[in-house]
Amino acid sequence: MPEKLDAETLQRILDEVPGAPWVVRRDPGTGSSAWLYRSPQLAETYALTEAEMQGSPLDLIQRLPTDEAAALHQRLTAAMATLSPMGWFQRVALPEQQVRWVETRVRFQREESGALLVFGQSFDVTEQKRAENLYREAIDALPAVVFAMTPEGQLPIFNRAAREFVGTSPAVVDGGAERRYGMFRTDGVTPFHHEESPVVRALRGEEAPIVEVIVKNPQR
């Protein structure tokens, strides 16, 4: 077993680890929250001064646009009720109209008193977001349909050509691709089932044949 760390050593570790770790205690009676610990890097990550960090931890959420803040508060409330880990991305406005992206991951723990401890860590992921946006712009510029499909038929990645081809956002498949996208065999009548898709067959390790499909999506 490693030797126990004294408080000073633990404090130094927390202050130096990548990202910005923090801990908040939420009072079950009043619903108020207070910082138990926050890394010195947290204020810098959110482009705030230490004085601005003295208030409620919930003030960080209130820096979001109203609709985003309300949605995040709702997600947090649900996660706290079940003690389910969660995460989110948040845009932080910087001087000269620049934007920083912050990713936060949290876990919850209920104390015997009923108080809720929130263990979080926030990371500056601006460069990652910029790279993702660049990739998005690149595949959207391609005239060919580009997409990535999971074995369940979900399309987590797709470009503008794919969206125009099916006439709707292909991100979520509800009731099967053949129903959502109006995919048929060449007779235009027989549905082309998701399980027969060359992509799905390839994901199963099978040889993927070349097939022709007719798309009759009323949304196109």
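Just above sits the structure.
Every value quoted in this text rests on a predicted model; they were computed, and no experiment measured them.

Q: Lay out the sheet that holds strand S2 (residues 33–38) with the relevant residues and their values.
A: Pairing is antiparallel in the open sheet, where five strands are placed in the order S2-S1-S5-S4-S3. Every interior strand has two partners, whereas the edge strands, S2 and strand S3 (86–94), have only one. Each adjacent strand pair in this sheet contributes to an overall mean axis angle of 30 degrees, direction not counted. One ladder, built from nine bridges, connects S3 with strand S4 (residues 98–110); its direction is antiparallel. Following the sheet pairing, Arg91 is matched in S4 by Trp101. In the packing of helix H5 (residues 126–141) onto the sheet, contacts are made with S3, S4 and strand S5 (116–124), and the angle to S4 comes to roughly 115 degrees.

Q: Quick rundown of the pairing of strand S1 (residues 20–26)? Include the residues and the values.
A: With five of its seven residues buried, S1 lies for the most part within the structure. Summarising the sheet, S1 and S5 pair through seven bridges and their orientation is antiparallel. Bridge pairing links Ala20 to Ser122 in S5. Connecting S1 to the next strand, S2, in antiparallel fashion are six residues, including Gly31 with a positive phi near 80 degrees.

Q: I'd love a proper account of helix H4 (residues 66–82), names of residues and values included.
A: Spanning 17 residues, H4 covers 25 Å between terminal C-alpha atoms, matching the ideal 24 Å at 1.5 Å per step. Among the residues of H4, Ala69, Leu72, Leu76, Ala79 and Met80 are the ones counted as buried. Down the axis of H4, the sector holding all buried residues measures 95 degrees, keeping them to one side. Facing away from the buried side of H4, by more than 90 degrees, are the exposed residues Thr66, Asp67, Gln74, Ala81 and Thr82. Those residues of H4 that are buried are in contact with S1, helix H3 (59–62), S3, S4 and S5. Looking one or two places after H4, you find Leu83, whose phi comes out positive at around 55 degrees.

Conventions used here
- Residues numbered from 1 in each chain as written.
- Predicted model: local features only at pLDDT ≥ 70, side-chain atom pairs only at ≥ 80, totals over all residues.
- Heavy atoms only, no water.
- Pairing = 2+ DSSP bridges.
- Helix = DSSP H or I, 4+ residues; strand = E, 2+ residues; numbered from the N terminus.
- Axes fitted to C-alpha atoms, helices over the stretch in contact; angles between N-to-C directions.
- Contact = heavy atoms within 4.5 Å.
- Buried < 20%, exposed > 50% of the residue type's maximum accessible area, 1.4 Å probe, protein only.
- Expected span 1.5 Å × (residues − 1).
- Arc of directions from axis to C-beta.

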